[in-house]
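Chain by chain, the residues:
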Amino acid sequence: MARISLQHVSKSFGGGHGPSAVKDFCLEIEDGELIVFVGPSGCGKSTTLRMIAGLEEATSGAILIGGRNVTHLPPKDRNVAMVFQNYALYPQKTVYDNMAFGLYVRGEDRKEIDRRVKAAAVSLDLEALLDRKPRQLSGGQMQRVALGRALVRDPDVFLLDEPLSNLDAKLRVKMREEIATLHARLGATMIFVTHDQVEAMTLGDRIVIMRDGVIQQAGKPLELYDRPANTFVAGFIGSPEMNLVNGQLVEDGERLAVRSGDLTLRIPENTFATQEKNVTLGIRPEHLVIADGSPLEMSVSLVEQIGAQTYLLGMIAGHKMRAVFERRDEIRSGDKVPIAFPTERLHLFSSAGGATLRKTEGRVAVHAKECA
Amino acid sequence: MVQDRRVVALFIGSILLLGVIIGGPLVYAIMLSFYSAKSFVGELQWVGLANYAKTIQDPLFWQAFANGLMIALAAIFLQVVLGVGIALVLNRRFFGQSVVRAVSILPYFLPTVVACLIAQWILDPNYGLLKSILASFGIGIADWSAQGVTARGTIVLVSVWLWTPFVITCVLAGLQTIPTQLYEAARVDGAGAWRQFWHITVPGLRSVLVVVILLRGIWMFNKFDLIWLLTKGGPLNQTETLPTLAYRKSFLEFNLGGGAAVATLSFLILAGVMLIYLRLFPIDDAKQGR
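Remember, it's a predicted structure, so these values are computed and weren't measured experimentally.

J.: What is the right way to read the sheet that holds strand β12 (residues 255-260) of chain A from this model?
T.: Backbone-to-backbone hydrogen bonds join strands into a sheet, with any given pair of strands oriented parallel or antiparallel. All names here are of chain A. Read across the open sheet, the five strands follow the order β13-β12-β11-β14-β20; overall the sheet is antiparallel. In this open sheet, the two edge strands, each paired with only one partner strand, are β13 (263-266) and β20 (347-350). Strand-to-strand twist in this sheet, taken as the mean axis angle between neighbours without regard to direction, amounts to 40°. Two elements, strand β11 (residues 243-252) and strand β14 (residues 278-283), share six bridges in a ladder whose sense is antiparallel. Bridge pairing in β14 links V245 to L281.

Here it is in structure tokens:
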């Protein structure tokens, strides 16, 4: 197992003159950490993973695995194992041979190969499938074989490129648990790429959120949830996504408040930098509360019952917002629900650029620490 | 219902048409092999299996069979090896890739007669291009058509030139169906170029290669025009194959029954070999990677 260091790594296609896929990526991944790269399609998360694997050459910067500079080494010399989105199992080989191939090409002893393949098969519940061909397996089984193929290699780093994307919802949850269990058992360094924020939140020791090839924020899941560095992270993490309202900072008596149309909300003292006038106010749907007697009301236009919770969509003081409450059977579309905004739950971002105005936080600080 | 009847009518129509076009001549040729006849218009005389008895006792029949087999195997081997090799090169990205791809397929568009004339102009021992080039270095050239080995070699060479592009095209198409992620997985697993070729490319091309070898095998074994244009079966029957022998017997020796017997035996041999081949390398299973 190994520590990974990505130092100012950039990647542009078209001989280095084309569009940039990854820009100045800096990150230290600790030994045994499970880190998740998450972001929308085209954000550069897979490209970064492929650069660590050696399948893409970094245009600039350095990649260190276990203190060894591997930037220009081919994949086979990096001692990494990768699990692909489409499993990439060798179709003509049996499950056993798929798992054994990596050891066979490295000239491992036959008995040792057999021992390791069988051990991996036991741990992944693949013993009964060893003689089958990939086309005779279900999606979940294929993904377990792909994991097994990585496992037998005993690599320094496991790289998982959207490994659950092709599975149905139920199987995804099961495989997610299996990966988490596997990580806990092996204590291996793992990098997991996904576009699904739930996967990121549930699996990652830390999450790296990317957009347009740039790290937006890196941190523990709840740090990202509680203190998003910018409006992009605020919108990406959490479901339903955070309510964002553009407004102006104004004085409301002795306190500062954000005003947007008919909505005026006081903000907590000494929490945010207040030199900018134009700001974006954020509050998560699940942080809104029903408060009888509150002057603010939500005119409910849509009620979604998902079992344990009730999702509402409606207008509050002229702003379209979402709210999430513990199950409320009585609320109907067209109702007016009194709503309060807990001050300590509010987020404030700069309207220009979207960076958080929370003091001592932010993407810049995270980025600078990683790149130091 | 009207739709169904139309479909049935079209189906029966096409079966009848195929029966007339393919089945008719085939049945007629087989029938002819049981008769003695000097021409297609004269009276046929029933001889039973006499034509077959004569044919299998004729050393020339077996020599023609051996020649055909040798030429077909050598040509297929070279066409497949070169075809796969060139396709692998053309599959890589490089400047002018599409132009080179187009040029490499050009020979396939040449009519056989033109290709044979070009080959003869190049290889002619008296006034050929090769002779004059070698002569400028002071090197002489032997008459390729005077010896069996060189004559067969020339046939193989021209066939490789003409039909390797067919293999290239098929293999190039096959290469597009192999997912790049398999190569990436193999690279991460530690496989070099050679192991990637044997463990991913070759199994991935299996179904294409099974079909290509089958088709090239049938076409080469039945090749008539190329051999007739280049050597007419000579020297001393050294390049005689079953199709040229059947033609010679039928149209030069006016032994229609004998020629039909050779053609029928050739058909049966080829059908037998192909059935064994398809049993050993089933196309469906190859596709599914069994």
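Next, the rest of the story.
J.: What should I look at first to understand the nonpolar core in this one?
T.: Across soluble globular proteins, nonpolar side chains have a tendency to be buried as a group. All names here are of chain A. Within the largest apolar cluster, 76 residues are counted, with the highest numbers of intra-cluster contacts made by L6, F25, L27, F37, L159, I191 and V208. Excluding its chain neighbours within four sequence positions, the residues that come into contact with V208 are F25, L27, I35, V36, F37, V38, I215, Q217 and A218. Formed by 47 residues, the second largest nonpolar core is a distinct cluster that contains L137, M142, L147 and A188.

J.: Help me understand the pattern of salt bridges, please; the structure alone is not making it clear to me.
T.: Charged atoms that come close allow side chains of opposite charge to pair. Residues and elements named next belong to chain A. What the rule picks out here adds up to 22 salt bridges over all chains. Ionic pairing is found between D196 and R172, a salt bridge with its closest N-O pair at 3.3 Å. A residue pair is termed long-range when its members are at least 10 positions apart, and D196 in the loop between β8 (189-194) and α6 (197-203) and R172 in helix α5 (residues 169-186) qualify at 24 residues. Each member of the pair, D196 as well as R172, carries the same accessibility label: buried. Here R266 and D252 are joined by a salt bridge, their closest N and O atoms 3.2 Å apart. Taken together, the positions of R266 in strand β13 and D252 in strand β11 put the pair 14 residues apart, joining distant regions of the chain. The exposure class assigned to R266 is partly exposed, which follows from its relative accessible area of 39%.

J.: So what exactly am I meant to see when it comes to empty space enclosed by the protein here?
T.: Where empty space is left becomes clear once a probe the size of a water molecule has been rolled over the atoms. The tally for this structure, following the rule as stated, stands at one cavity of 30 Å³ or more. Approximately 50 Å³ is the volume attributed to the largest cavity. Taken together, A81(A), M82(A), F84(A), R149(A), A150(A), R153(A), A185(B), V188(B) and D189(B) make up the full set of residues lining the largest cavity. Mapped by element, the contributors of at least two residues to the lining of the largest cavity are β6 (80-83) and α4 (139-152) of chain A together with α8 (180-189) of chain B. Here the lining of the largest cavity takes three residues from α8(B), the largest share from any one element. Here the residues of the lining of the largest cavity sort into six nonpolar, no polar and three charged.

J.: Sorry if this is basic, but what is going on with the packing of aromatic side chains here?
T.: We describe a pair of aromatic rings using the distance from one ring centre to the other and the angle between the two ring planes. Counted under the stated rule, the structure contains 20 aromatic pairs over all chains. Between F34(B) and W46(B), the ring centres sit 5.8 Å apart and the planes meet at 20°, which makes this aromatic pair stacked. Taken together, the residues span a long stretch of sequence, with F34(B) in the loop between α1 (2-32) and β1 (35-36) and W46(B) in strand β2 (residues 45-46) at a distance of 12 residues. Judged by relative accessible area, F34(B) falls into the partly exposed class, the value being 23%. Among the residues examined, W46(B) registers a relative accessible area of 56% and is labelled exposed. One aromatic cluster is present, built from ring pairs that chain together F34(B), Y35(B), W46(B) and Y52(B). In this structure, R149(A) packs its charged tip against the face of Y90(A), placed 4.9 Å from the ring centre. In this structure, R284(A) is placed above the aromatic ring of Y225(A), and the distance from its NZ or CZ to the ring centre is 4.2 Å.

J.: Looking at this structure, how should I read a nonpolar patch on the surface?
T.: All names here are of chain B. The grouping of V99, V103, L106, Y108, F109 and W219 at the surface amounts to a nonpolar patch, some 610 Å² of accessible area in total. Residue position: F109 is located in the loop between α4 (97-105) and α5 (112-123). For F109, a relative accessible area of 60% corresponds to the exposed category.

J.: Which parts of the structure should I look at to understand the layout of surface pockets?
T.: Residue and element names in this part refer to chain B. In this structure, the largest pocket spans a volume of roughly 920 Å³. Together, 21 residues line the largest pocket, and N91, R92, T180, Y183 and Q196 are the ones closest to its centre. Elements that contribute at least two residues to the lining of the largest pocket include exactly α3 (59-91), α4, α7 (148-176), α8 and α9 (193-221). Per-class residue counts for the lining of the largest pocket are eight nonpolar, six polar and seven charged. Of the pockets and cavities examined, the second largest pocket occupies roughly 490 Å³. Lining of the second largest pocket is provided by 23 residues; of these, A29, G259, A260, A263 and T264 occupy positions nearest its centre. Its residues assigned to classes, the lining of the second largest pocket comprises 18 nonpolar, five polar and no charged.

J.: Would you mind showing me how to read the interface of chain A and chain B here?
T.: Where interface size is given, it is often the accessible area lost as the parts come together that is meant. With 25 residues of chain A in contact, the opposing surface of chain B contributes 18 residues. Carbon and sulfur atoms make up 54% of the surface buried where chain A meets chain B, a total of about 2100 Å² over both sides. Contact with chain B buries surface across chain A, with Y90(A), Q92(A) and R135(A) losing the most and accounting together for 27% of the total. For the pair chain A and chain B, the number of links is two salt bridges. Its salt-bridge partner being E184(B), residue R50(A) comes within 2.5 Å of it at the nearest N-O pair. On the surface where chain A and chain B come into contact, there are 10 residue pairs in polar contact (both at pLDDT 80 or more). The set of elements that each furnish at least two residues to the side of chain A that touches chain B consists of β6 and α2 (95-105) of chain A. Here the element with the most residues in the side of chain A that touches chain B is α2(A); it accounts for four residues. Of the residues contributing to the side of chain A that touches chain B, the split by class is 13 nonpolar, four polar and eight charged.

Parameters at a glance
Residues numbered from 1 in each chain as written. Chains lettered and ligands numbered in written order. Predicted model: local features only at pLDDT ≥ 70, side-chain atom pairs only at ≥ 80, totals over all residues. Heavy atoms only, no water. Pairing = 2+ DSSP bridges. Helix = DSSP H or I, 4+ residues; strand = E, 2+ residues; numbered from the N terminus. Axes fitted to C-alpha atoms, helices over the stretch in contact; angles between N-to-C directions. Core = buried A, V, L, I, M, F, W, Y, C linked by side-chain atoms within 4.5 Å. Buried < 20%, exposed > 50% of the residue type's maximum accessible area, 1.4 Å probe, protein only. Contact = heavy atoms within 4.5 Å. Salt bridge = Lys/Arg side-chain N within 4 Å of Asp/Glu carboxyl O. 1 Å grid on protein atoms, 1.4 Å probe; cavity = no way out; pocket = protein on both sides within 12 Å on 5 of 7 lines; lining within 4 Å. Points joined across faces, edges and corners; volume = space filled by probe spheres on them. Nonpolar A, V, L, I, M, F, W, Y, C, P; charged D, E, K, R; others polar. Phe/Tyr/Trp six-rings, centres within 6.5 Å; stacked < 30°, edge-to-face > 60°. Lys NZ or Arg CZ within 6 Å of the ring centre and 35° of its normal. Patch = residues over 30% accessible without salt bridge, like charges linked within 9 Å, V, L, I, M, F, W, Y side chains within 5 Å. Areas by Shrake-Rupley, 256 points an atom, 1.4 Å probe, with all protein chains shown as cover. Buried area = accessible area lost by both parts, 1.4 Å probe. Polar contact = N/O pair within 3.5 Å; in protein donor to acceptor, adjacent residues only side chain to side chain.

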